[in-house]
Amino acid sequence: MKYRQFGRLGWQVSALGMGCMRLPVLGEDRSQIDEAEAIRMIRYAIDQGVNYFDTAYPYHGGNSERVLGKALQDGYRQRVRLATKLPMWAVESADDFDRILGEQLQRLQVEHLDLYLFHGLRASRWEMVHKLDLLTRAERAIADGRIGHLGFSFHDNLEAFKKIVDGYDRWAMCQIQYNYMDEYNQAGTAGLEYAASKGLAVVVMEPLLGGKLVDPPPQIQALWNTAPIRRTPVEWALDWLWNKPQVSVALSGMSTMAQLVENIQYAERAEVGMLNEAELALVARVRDQYNELCPIPCTQCRYCMPCPNGVDIPRNFATFNSGEMYNKFNEARRGYQHIPEPERASACVQCRTCEDLCPQRIPISEWMPLVHAVLGEGRDYAECQRP
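Residues numbered from 1 in each chain as written. Predicted model: local features only at pLDDT ≥ 70, side-chain atom pairs only at ≥ 80, totals over all residues. Heavy atoms only, no water.

Draft legend 1. Main features of helix H4 (residues 123–131). Along H4, the residues that are buried comprise Arg125, Trp126 and Val129. All buried residues of H4 lie within an arc of 105° about the axis, which places them on one face of the element. In H4, the exposed residues that point more than 90 degrees away from the buried face are Glu127 and Lys131. On its buried side, H4 packs onto strand E6 (113–121), helix H5 (134–143), helix H6 (158–166) and strand E8 (171–177). (Buried < 20%, exposed > 50% of the residue type's maximum accessible area, 1.4 Å probe, protein only. Helix = DSSP H or I, 4+ residues; strand = E, 2+ residues; numbered from the N terminus. Arc of directions from axis to C-beta. Contact = heavy atoms within 4.5 Å.)

Written out as structure tokens, the structure is:
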């Protein structure tokens, strides 16, 4: 296993970290973890040198922390850095900080966390952190030994990211969604470099974009096949991250032992600067090709919002585009069901107010029925008439 410096803390952490959001489950219920297999995988990872483990309060319906706590018995806890997260959406008062942290320590069967993260920080939640004085509560937990260091995970834009990084001088780390398709989304490469320049460790989540980069469509695989040195799509995605010196840990949420074994093998070859200019150019071509597969040219600028009828236009388009670009329409259909019904494409009344505001001149009112037909009714996109 290869190891990297963890920001200003100076820890040596494994290039591959194990995210515990996608542990193996029994059947379709995500809360029902296959405990025996999950514990076997976690301990195998530790025995192979993986020493960074990330979980959170809501993962697997609250059972991820519990199962990870079981896996870390018998001396395994002492061999890893353990991180979990405060569910910001569940915090209504300062007292909730200590109540929830206490519950998490009990689930994990530990008295001390190496890292505690504010989960899913964005601009509005950062304001709530200050309003409820949660940083003071966190510092008390550091002082009494329940927490070692403080960090945050992030989903917002670069401006909000920099504001949060600069808004507290004791951050040890940040966790960002980052992969070769998200190079310019959310915090992006600019945020990665900014946080690292401030001495923060940067932990990367979604290196495979939730699995979308694992099994590419034929056009993408044909590009990968042009490389003199063959890699799997997973290896390309991970190597692109490990190539960057600012990446401290790449988290992977592995659901099978085969995935774990494969990713550990890749991590054993992980090096800064491991990709040459031609290989980096190939990754850029792959990204461009994926973007060319995007059917609706929505840039998420949100000029179309708010919709007078309540439709979340950018979210519907992003869900649909993801299904086509990554050949994952079944996954996109599940994502569509997570959009509140009044905000789905089916609620569009074709008033066309949004179309006057769209810089891309997208015929939104014509796309919305198609989006619902494919994602809400299960129709085949290839058989639909496109705007």
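Draft legend 2. Representation of the pairing of strand E7 (residues 147–154) within the structure. Among the eight residues of E7, seven are classified as buried, and the element is accordingly described as predominantly covered. As paired elements, E6 and E7 share six bridges and run parallel to each other. Across the sheet, the residue bridging to leucine 117 is glycine 151, located in E7. Here E7 pairs with E8 via five bridges, running parallel. Within the sheet, the bridge partner assigned to serine 153 lies in E8 and is glutamine 175. Note that the unit made of E7, H6 and E8 has a crossover that is right-handed. (Pairing = 2+ DSSP bridges. Right-handed = clockwise from strand over helix to strand, strands pointing away.)

Draft legend 3. Looking closely at the sheet that holds strand E4 (residues 52–54). Read around the barrel, eight strands follow the order E3-E4-E5-E6-E7-E8-E9-E10 and close on themselves; strand pairing throughout is parallel. The sheet shows a mean angle of 30° between the axes of neighbouring strands, direction not considered. In this structure, E4 lies alongside strand E5 (residues 81–87), joined through three bridges in parallel fashion. Its bridge partner being in E5, phenylalanine 53 is matched across the sheet by leucine 82. In the packing of H6 onto the sheet, contacts are made with E6, E7 and E8, and the angle to E7 comes to roughly 165°. (Axes fitted to C-alpha atoms, helices over the stretch in contact; angles between N-to-C directions.)

Draft legend 4. Expanded view of the packing of helix H12 (residues 313–325) against helix H13 (residues 329–337). Across the interface, H12 lies against H13 with an axial gap of 7 Å and an inter-helix angle of 165°. The pairing of H12 with H13 is recorded here as roughly antiparallel in orientation. Between H12 and H13 lies a crossing of right-handed hand. The segment H12 lies against H13, with Asn316, Thr319, Phe320, Gly323 and Glu324 engaging Phe329, Ala332, Gly335 and Tyr336. Its residues placed into classes, the contact of H12 with H13 shows four nonpolar, four polar and one charged. (Parallel < 35°, antiparallel > 145°, perpendicular 65-115°, else oblique. Left-handed = near helix turned anticlockwise from the far one by under 90°. Nonpolar A, V, L, I, M, F, W, Y, C, P; charged D, E, K, R; others polar.)

Draft legend 5. How the structure looks around unusual backbone geometry. Residue methionine 305 is joined to proline 306 through a cis peptide bond whose omega torsion reads 0°. Structurally, the position occupied by proline 306 is in the loop between helix H11 (277–292) and H12. Here the phi dihedral of histidine 60 falls at roughly 50°; this positive angle occurs in a residue that is not glycine. Structurally, histidine 60 is set in the loop between E4 and helix H2 (63–71). Unlike most non-glycine residues, glutamine 109 shows phi in positive territory, near 60°. Of note, glutamine 109 is situated in the loop between helix H3 (94–108) and E6.

Draft legend 6. Representation of the pairing of E6. Along E6, nine of the nine residues are buried, which leaves the element largely enclosed by surrounding structure. Relative to E6, E5 runs parallel, the two being bridged by five bridges. Across the sheet, the residue bridging to leucine 86 is phenylalanine 118, located in E6. You can see the chain leave E5, run along H3 and come back into E6, and the turn it takes is right-handed.

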